[in-house]
2 protein chains.
Amino acid sequence: MKSKHERKATPTISQVAAAAGVDRSTVSRAFTRPAMLSAETVQRVLDAAERIGYVPNHTARALSTGRHGNIALIVPDVANPFFPPLIRAVQREADQLDFCLFLGNTDEDPYQEDKLVGRFAGQVAGMILASSRLPEAQIRAHTSKRPLVLINRDVNGIPRVLIDSGSGVEEAVAHLASLGHRGIVYISGPASSWSNRQRRNAVRKAAEKLGLKHFTVPAPIPSYQAGRAAAPQVLRTGATAAIAFDDVTAHGLLAGLSDNGVAVPRDFSVVGCDDVLGAVTQPALTTVSNWSVEAGRAAVSLLFDMLQSSAIRDVRYVLETHLVVRDTTGAATPRQAL
Amino acid sequence: MKSKHERKATPTISQVAAAAGVDRSTVSRAFTRPAMLSAETVQRVLDAAERIGYVPNHTARALSTGRHGNIALIVPDVANPFFPPLIRAVQREADQLDFCLFLGNTDEDPYQEDKLVGRFAGQVAGMILASSRLPEAQIRAHTSKRPLVLINRDVNGIPRVLIDSGSGVEEAVAHLASLGHRGIVYISGPASSWSNRQRRNAVRKAAEKLGLKHFTVPAPIPSYQAGRAAAPQVLRTGATAAIAFDDVTAHGLLAGLSDNGVAVPRDFSVVGCDDVLGAVTQPALTTVSNWSVEAGRAAVSLLFDMLQSSAIRDVRYVLETHLVVRDTTGAATPRQAL
DNA sequence: GCTTGACATGCAACCGGTTGCAGAGAATAG
DNA sequence: CTATTCTCTGCAACCGGTTGCATGTCAAGC
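Bear in mind that the values here come from a model prediction, so they are computed numbers and not experimental data.

### Structural notes on the overall build of chain A
Now for step 1: For chain A, the count of helices and strands is 12 helices and 12 strands.
Now for step 2: With respect to the principal axes defined by its C-alpha atoms, chain A has extents near 90 × 40 × 35 Å.
Now for step 3: For chain A, the accessible surface area stands at approximately 14800 Å², while carbon and sulfur atoms represent 52% of it.
Now for step 4: Positive and negative side-chain charges of chain A, numbering 37 and 31 respectively, have mean locations separated by a distance of 5 Å.

Encoded structure:
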């Protein structure tokens, strides 16, 4: 007798029930609430299951309980070195809780992000949006479907984990001022990035407090190329130091300065952000530390708190940063002296 | 009247059916096989769905059809720069086919890999294993559960996409020989890595053919640190050039050589593998190109071929590589001349 | 000895869709 | 005008689990 359509022979709960001589519900309980059954029955069922090679069906369980053992993480760009450690941390945490992780990549495109949220919503318990580029209203709308946690995006009433690079950037400005720099450039990142706004404001505020001139040069998509290309414009400002939106951009800027015959740190100082490159640049990059791994962990933990008690609460989890001084910052050299 | 338990008000097919005045099955067909229905009926149903805000339930659909719109990708280390572009490519392809992507990270641990395969199996149509560290027998065993595609792992009878770094490595050895190098070191990667075996063999074969001495220095986990730490041992061999398992290791080696006062490329030549760092090292790294994006795309495409026609076929998709000469290789300087 | 209650298990409805089959009309053929 | 076919839609079973409720058993309580 042939099976209906050559379906893969995955054993079901009914087959286990038959083999163990009990009802399907008993098999179910043996797996989910064994305390409810006598020890012998549980053992008999488990033995039978083992023998047949039964494995509970995730999909069926999700349908009947409404609980999915899945969560989703959406990021703007997997390939940006800021994210892989974060992704790894989230995946590991999820794994430890027996959850599977969906990954979405938006390529910095809000429309794509919205689409992914919709696609995932049906099969996850909750979602984590890292550096979301979505308008606030849309984020709000999505919370009605599933519990949401944000990373590096500050929306009132939605649990969020923020890496406060402001504190580190302030330190960086102070550090540059103490080295004698009188004018600094901020190379800005994506316009809709919360981190970018935060960093730009921190530069402005700190510079004004210390009486430094400050400029902004845009690099809308953070990348090595964009940083490299920004060098001439940066030099044209007459400033002697720059703080870049992130390490990748800073790395590019280093190359761009070198292209223009400007030596770092002798003639010009550079500070990055996120400390994702470690000490691998030449010279080693002074940067602002980051806690992306901790942010990932915290986000998962927040999400699970939400799943347990649906008391909607307003959590704002802030991680401080600080300056990591390496070799790309040095005493200011007046530009006319070059 | 309160709902049973404050369940999120997700509209179901029944509510749409009621609103449109048709049977549930008609609603279902309006979405899945509209040609079967009259145009007006379809329109009426879609309107009602739109009005109510109905979205088909992925889980329920998967249960009743046995088809999951999900695939899984498992990698050894998300944070290794080889993988993010591949992950991104896979995610994008999947997305275009309206599939969701599960991501697993094994931390190079076969046990973890096995666990993840099991966890995913229940809710995916198929899986892609990149650089699997699993014993061949286990990989075989898994194929009975779900269609599987391998990347950079060569197992007979299982569809696989291979980046043939052998060809590029051979070119690298020839390039070094033509520059006058008489001894070269291979810095090896993970023991269970297919790519590592392939590269090691290619170095050995090419070196022997050209009459060069060759040595192997291990760096079991490929990383910047491991590469840097390997420098003294590399120098001790007396060779004047090294080919590293990957770019990250090569990058570390560059730093390690610098630590030891050895100038590249004047005193020593270095070649990487995978071209993941672009030209961002100082000096820019000579390396073997890679096609991780194409590999990701090809893997997804293979997987979908398998899902469509279950004719199990033996596909071996090989991507050639070649040498990319940049600035870390130069004419050999006899070591005694230092 | 009869009541009460705790414990273990079975029954059957339900989660939200899909799909084979059957029947009602309408259209076409003879 | 009747027989046949074709279109469209409804009925009901099914996917593989979970869970509230009912039932039966057995021991403790009075």
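### Remarks on the nonpolar core
Now for step 1: Core analysis: the biggest nonpolar cluster contains 58 residues, and Leu73(A), Ile87(A), Ile128(A), Leu73(B), Ile87(B) and Ile128(B) have the highest contact counts within it.
Now for step 2: The residues contacting Ile87(A), other than those within four sequence positions of it, are Leu73(A), Val75(A), Val78(A), Leu103(A), Val78(B) and Leu103(B).
Now for step 3: Grouped together as the second largest cluster of nonpolar side chains are 32 residues, Leu116(A), Leu150(A), Ile74(B) and Ile158(B) included.

### Some details on the relation of the copies chain B and chain A
Now for step 1: For the pair chain B and chain A, the best superposition has an RMSD of 0.1 Å and corresponds to a rotation of 180° with a translation of 0.1 Å parallel to the axis. Such a combination of rotation and displacement between the chain copies is what one expects of a two-fold axis. Taking the C-alpha atom as reference, chain B places Phe102(B) closest to the rotation axis, 2.2 Å from it.
Now for step 2: Comparing contact sets, 100% of the residues at the interface of chain B also lie at the interface in chain A, consistent with an isologous, same-surface contact.

### Things to note about the packing of helix H2 (residues 24-32) of chain A against helix H3 (residues 39-52) of chain A
All names here are of chain A.
Now for step 1: H3 packs onto H2 with a crossing angle of 95° between their chain directions and a minimal axis gap of 9 Å. Taken together, the axes of H2 and H3 lie roughly perpendicular to each other. Contacts between H2 and H3 involve Thr26, Val27, Ala30 and Phe31 from the first element and Thr41, Val42, Val45, Leu46 and Ala49 from the second.
Now for step 2: Along the lines of polarity and charge, the residues of the contact of H2 with H3 split into seven nonpolar, two polar and no charged.

### Section: the protein's contact with DNA strand D
Now for step 1: The environment of DNA strand D is made up of 29 residues, and the closest members are Ile13(A), Ser28(A), Arg33(A), Thr26(B) and Thr41(B).
Now for step 2: The share of sugar and phosphate among atoms of DNA strand D within 4 Å of the protein is 58%.
Now for step 3: Note that a phosphate oxygen of DNA strand D is positioned 2.6 Å from one of the backbone N or O atoms of Ile13(A).
Now for step 4: In the model, a base nitrogen of DNA strand D is placed 3.3 Å from a nitrogen or oxygen of the Ser25(B) side chain.
Now for step 5: Those elements that provide at least two residues to the surface near DNA strand D are H2 and helix H4 (58-65) of chain A together with helix H2 (24-32) and helix H4 (58-65) of chain B.
Now for step 6: The element that contributes the greatest number of residues to the surface near DNA strand D is H2(A), accounting for five residues.
Now for step 7: Grouping the constituent residues of the surface near DNA strand D by class yields eight nonpolar, 12 polar and nine charged.

### Considerations on the interface of chain B and chain A
Now for step 1: Taken together, the contact between chain B and chain A spans 44 residues of the former and 44 residues of the latter.
Now for step 2: On inspection of chain B and its partner chain A, the count reaches 12 salt bridges.
Now for step 3: Listed by contribution, the elements that provide at least two residues to the side of chain B that touches chain A are H4, helix H5 (83-96), strand E2 (100-105) and helix H6 (110-121) of chain B.
Now for step 4: In the side of chain B that touches chain A, the residues fall into 17 nonpolar, 16 polar and 11 charged.

### So, the protein's contact with DNA strand C
Now for step 1: Close to DNA strand C lie 29 residues; Thr26(A), Thr41(A), Ile13(B), Ser28(B) and Arg61(B) are nearest.
Now for step 2: A share of 60% of the atoms of DNA strand C within 4 Å of the protein falls on sugar and phosphate groups.
Now for step 3: Between DNA strand C and Ile13(B), the relevant distance is 2.6 Å, taken from a phosphate oxygen to a main-chain nitrogen or oxygen of the residue.
Now for step 4: Arg29(B) is positioned such that a nitrogen or oxygen atom in its side chain is 3.4 Å from a base oxygen of DNA strand C.
Now for step 5: Contributing elements (two or more residues each) for the surface near DNA strand C: H2 and H4 of chain A together with H2 and H4 of chain B.
Now for step 6: Counting residues per element, the surface near DNA strand C draws most heavily on H2(B), at five residues.
Now for step 7: Tallied by class, the residues present in the surface near DNA strand C amount to eight nonpolar, 12 polar and nine charged.

### Quick look at H4(B)
Now for step 1: Capping the start of H4(B) is the job of one residue whose side-chain oxygen sits 2.7 Å from the backbone nitrogen of Thr59(B): Asn57(B).
Now for step 2: Two residues or fewer after H4(B) comes Gly66(B), characterised by a positive phi angle close to 80°.

### Topic: the packing of aromatic side chains
Now for step 1: Inspection of the entire model under this criterion finds nine aromatic pairs over all chains.
Now for step 2: On the numbers, 5.0 Å between centres and 90° between planes, the contact of Phe82(A) with Phe83(A) is edge-to-face. When sorted by exposure, Phe82(A) lands in the same class as Phe83(A), which is buried.
Now for step 3: The rings of Phe102(A), Phe120(A), Phe102(B) and Phe120(B) are connected pair by pair, giving a single aromatic cluster.

### Description of the sheet that holds strand E8 (residues 241-244) of chain B
Residues and elements named next belong to chain B.
Now for step 1: Read across the sheet, four strands follow the order E7-E6-E8-E9 without closing on themselves; strand pairing throughout is parallel. Every other strand in the sheet has two partners, leaving strand E7 (213-218) and strand E9 (269-271) as the edge strands with one partner each. Averaged over neighbouring strand pairs, the angle between their axes works out to 20° when direction is ignored.
Now for step 2: In this sheet, E8 lies alongside strand E6 (residues 183-188) in parallel orientation, the contact comprising four bridges. Note that in E8 the partner of Ile187 across the bridge is Ala244.
Now for step 3: Where helix H8 (residues 165-178) meets the sheet, it contacts E6, E8 and E9, and its direction lies at approximately 170° from that of E8.
Now for step 4: Each of E6, E7 and E8 touches helix H9 (residues 194-210); the most contacted strand, E6, lies at about 170° to it.

Analysis parameters
Residues numbered from 1 in each chain as written. Chains lettered and ligands numbered in written order. Predicted model: local features only at pLDDT ≥ 70, side-chain atom pairs only at ≥ 80, totals over all residues. Heavy atoms only, no water. Helix = DSSP H or I, 4+ residues; strand = E, 2+ residues; numbered from the N terminus. Areas by Shrake-Rupley, 256 points an atom, 1.4 Å probe, with all protein chains shown as cover. Lys, Arg positive; Asp, Glu negative; His and termini not counted. Charge placed at Lys NZ, Arg CZ, Asp CG, Glu CD. Core = buried A, V, L, I, M, F, W, Y, C linked by side-chain atoms within 4.5 Å. Buried < 20%, exposed > 50% of the residue type's maximum accessible area, 1.4 Å probe, protein only. Contact = heavy atoms within 4.5 Å. Least-squares fit on C-alpha atoms with pLDDT ≥ 70 in both. Axes fitted to C-alpha atoms, helices over the stretch in contact; angles between N-to-C directions. Parallel < 35°, antiparallel > 145°, perpendicular 65-115°, else oblique. Nonpolar A, V, L, I, M, F, W, Y, C, P; charged D, E, K, R; others polar. Near = heavy atom within 4 Å. Polar contact = N/O pair within 3.5 Å; in protein donor to acceptor, adjacent residues only side chain to side chain. Salt bridge = Lys/Arg side-chain N within 4 Å of Asp/Glu carboxyl O. Phe/Tyr/Trp six-rings, centres within 6.5 Å; stacked < 30°, edge-to-face > 60°. Pairing = 2+ DSSP bridges.

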